[in-house]
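Given next are the chains, with one letter for each unit.
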Amino acid sequence: MKRSRSIRLVLLGAAAVTLSACGDDDEPIGGQYFADEAQCASAENGDTCRAAVAEARGRHMLTAPRFASRQQCEQEYGAANCEPVEVAQAQGQAQTTTPSNGKPDGAPQQTSTPRTGFSFIPLMTGFWLARNAAPGAMASPVYRDAQGRAFSGRSYVGTLQGRNFTADTTRGGFGGTAMARSGSGGGS
Amino acid sequence: MERIAITPRSDWRRRAEGLGFAFHTIDGKPYWDETAAYLFTAAEIDEIEDATAELERCCMAAVEKVVRENLFAPFGMSEAAAALARASWQRGERNLYGRFDLRVAPGQPPKLYEYNADTPTALFEASVVQWEWLQTLFADDDQFNSIHEKLIDAWPRLGLGPVVHFTCVRDHDEDRGTTDYLRDTATQAGIEAPFLFVDEIGWNGRGFVDGEGRPIAALFKLYPWEWLMAEDFSRHIGPSGVRMIEPAWKMILSNKAILALLWHMFPDHPNLLPAYLEPGKIAGPAVAKPLLGREGEDVRVVTGAEAGRPGSYGAEGFVYQAAAPLPDFGGHYPVVGSWVVASQPAGIGIREDDQPITTNTSRFVPHLFR
């Protein structure tokens, strides 16, 4: 017998649909870091920057990593790098607001919903503006961890010292030959 | 060996897609073709298997000679490329797979046309699709094909870490399909197998990283070594310590100058065709092949002292191989792709064309033996 006894596929076949739906390719690869809207506006269109900041803020509130205590959050993101978010309960639906948002003095914001406690999220230390991204999918919050590494979502994008961002990963150093041979595959 | 007409399964498209075979039809024409099959005897299959094992041994001896005697110049390899190839060979880096393209004709020994040692494709259709075809139509017959099992066996023996990244070019169904199939086999071998496109690979000053900043410790690349070596990041390959699959020494075997070296080392070997790096040494017609040509491009028949003419390939030089036309099975010209996995013969896949030079428009036709 010179043939395989049995063949099983775990990624291809029916599973492949699920796999591509999970999206290998959803992470913004090319892009640029901006500390705030003003820094963005010095390089990009002002409207783009305003929309990007709003979008990044929105994502920050929805998707920032959450911790039960300030200590746990600061362990990951460093001292004074975390803020509380109020976790409120309204008709069975969890909602969050930041007490410090838009309040220079940091005074807690009064809300009418009953208070059930706080959780802690890292401060948004700027945003990542994706290159060639579609509107509504162009900006994501950037977080700095305790080691000074900057992340956009799950993607490591560089290092941050204060507001100074260094993109220490360069990309695109492979793939040029295929590009020059327009659409040529690498197989043979 | 004969070509037999077969009634295609009415649901072959659905079945192919169910397997995840995304490129059964290319540019509107069927690439997977089950209107026919090649039928072999067991003795013919044994002969192909033995020839494959023998050719792989010859190739390993040739790499050893190139490294030991520093014979990189005829291959047109840069100093940097030679250094990577030499180091990977001396470290004993193991290889995963390769495909010998053989001339197989009834009553004649198999002859090597060329060795796709670096980035062979037509793997999934040989390993999985034709196996499934055999199971449904000829379950009592056999097929020279244990590629799938051998791949799963091979991964843990390559001495890579728990994570191997996989990469290929964008917008190419066939390359992506082949890469995903290999990821599948690696996953079954217990290896984590994330994918990224070749232009997404990052360099952070210390090592290669993926899109999430994770280090790339081992990289399977369906992307030719000579392309990598022409690109900016190639200078980081050595310092990064990344393990590459295929290893860098495969640059020697995927370069068609190897055909001339093999003929020089093993003259009159029954599985080799006469081959030289200079035109005019072969009595009768010869085929000029660019050393780094792909998919049959810029291959042409020459006579006498006529040299090859560079097109999109060929500036790097040519090898001149004695012309040995593909056998003619009623206007169909099959080339037998004989697979090695971890240097062991593992099975065959047949592509046929309606013209005697196989190009990337050829069709894959299944086989069986009894």
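Starting afresh in each chain, residues are numbered from 1 along the sequence in its written order. Lettering for chains starts from A, numbering for ligands starts from 1, and both go in the order in which the items are written. A pLDDT threshold of at least 70 governs which residues receive local features in this predicted model, and a stricter bar of 80 or more applies before side-chain atom pairs are shown or counted, although totals over entire chains, interfaces and linings include all residues. Only heavy atoms go into the side-chain values, all of them from the structure, while hydrogens and water stay out.

Asks: Go over the nonpolar core, please, and point to the residues and values.
Replies: All names here are of chain B. Residues belong to one nonpolar core when they are buried, are Ala, Val, Leu, Ile, Met, Phe, Trp, Tyr or Cys, and are joined through side-chain atoms within 4.5 Å. Using a 1.4 Å probe on the protein chains alone, a residue whose accessible area is under 20% of its type maximum counts as buried, one over 50% counts as exposed, and one in between counts as partly exposed. Grouped together as the largest cluster of nonpolar side chains are 72 residues, with contacts concentrated most on Phe40, Phe208, Trp225, Ile252, Leu253 and Ile258. In DSSP terms, a helix is any run of H or I states spanning at least four residues, a strand is any run of E spanning at least two, and both are numbered starting from the N terminus. If you tally residues by element for this core, the top one is helix α2 (residues 42-69), at 10 residues. Boundary definitions for the domains trace back to an automatic or database domain assignment. Taken domain by domain, this core gets at least three of its residues from each of domain 1 (2-255 + 327-369) and domain 2 (274-322). Once residues lying within four places of it in the same chain are set aside, the contact partners of Phe40 are Met1, Ile45, Ile48, Val104, Ile348, Ile350, His367, Leu368, Phe369 and Arg370. Residues Ala122, Val129, Ile147 and Phe195 belong to the second largest nonpolar core, which totals 50 residues. Whether two residues touch is decided by their heavy atoms; if any such pair falls within 4.5 Å, the residues are in contact.

Asks: Explain the interface of chain A and chain B to me, using residue names and the numbers behind them.
Replies: Contacts between the two partners involve 39 residues from chain A and, on the opposite side, 70 residues from chain B. Joining two parts hides part of their accessible area as seen by a 1.4 Å probe, and the buried area is that hidden amount summed over both. For chain A, the biggest contributors to the area lost against chain B are Lys2, Phe174 and Ser188 of chain A; these three give 21% of the whole. Counted as salt bridges are all cases of a side-chain nitrogen of Lys or Arg within 4 Å of a carboxyl oxygen of Asp or Glu. For Arg5 of chain A, the salt bridge identified is with Glu149 of chain B, shortest N-O distance 3.7 Å. When contributions to the side of chain A that touches chain B are tallied by element, the ones reaching two or more residues are α1 (14-22), β8 (155-161), β10 (170-171) and α5 (176-180) of chain A. Per-element tally for the side of chain A that touches chain B: the top contributor is α5 of chain A, with 3 residues. In the scheme used here, Gly and all other residues not listed as nonpolar or charged are polar, with Ala, Val, Leu, Ile, Met, Phe, Trp, Tyr, Cys and Pro taken as nonpolar and Asp, Glu, Lys and Arg as charged. Of the residues belonging to the side of chain A that touches chain B, the class tally is 12 nonpolar, 17 polar and 10 charged. Between any two strands, at least two bridges found by DSSP are needed for them to pair. Sheet analysis places β10 of chain A next to strand β9 (residues 202-203) of chain B, joined by 2 bridges and oriented antiparallel. The residue bridging Thr170 of chain A from the neighbouring strand is Trp203 of chain B, located in β9 of chain B.

Asks: Report on the packing of aromatic side chains, specifying residues and quantitative values.
Replies: Stacked, tilted and edge-to-face pairs are distinguished by plane angle, under 30 degrees for stacked and over 60 for edge-to-face with tilted covering the rest, among Phe, Tyr and Trp rings (Trp via its six-membered ring) whose centres lie within 6.5 Å. Throughout the structure, instances matching the rule amount to 26 aromatic pairs over all chains. Between Phe21 of chain B and Phe124 of chain B, the ring centres sit 5.9 Å apart and the planes meet at 55 degrees, which makes this aromatic pair tilted. Remark: Phe124 of chain B occurs in helix α4 (residues 123-137) and Phe21 of chain B occurs in the loop between α1 (12-18) and β2 (25-26); sequence separation between them is 103 residues. Owing to a relative accessible area of 1%, Phe124 of chain B belongs among the buried residues under this scheme. For the pair Phe100 of chain B and Tyr115 of chain B, a centre-to-centre distance of 3.8 Å together with 10 degrees between the ring planes defines the contact as stacked. Residue Phe100 of chain B is located in strand β5 (residues 97-103), and its partner Tyr115 of chain B is located in strand β6 (residues 111-116); the two are separated by 15 residues in the primary sequence. When sorted by exposure, Phe100 of chain B lands in the same class as Tyr115 of chain B, which is buried. Ring pairs connect the aromatic residues Phe21, Phe23, Tyr31, Trp32, Phe124, Tyr181 and Phe364 of chain B, which therefore count as one cluster. By the criterion adopted, a ring carries a charge over it if an Arg CZ or a Lys NZ lies within 6 Å of its centre and within 35 degrees of its normal. The ring of Tyr313 of chain B is capped by Arg181 of chain A, whose NZ or CZ atom sits 4.0 Å from the centre of that ring.

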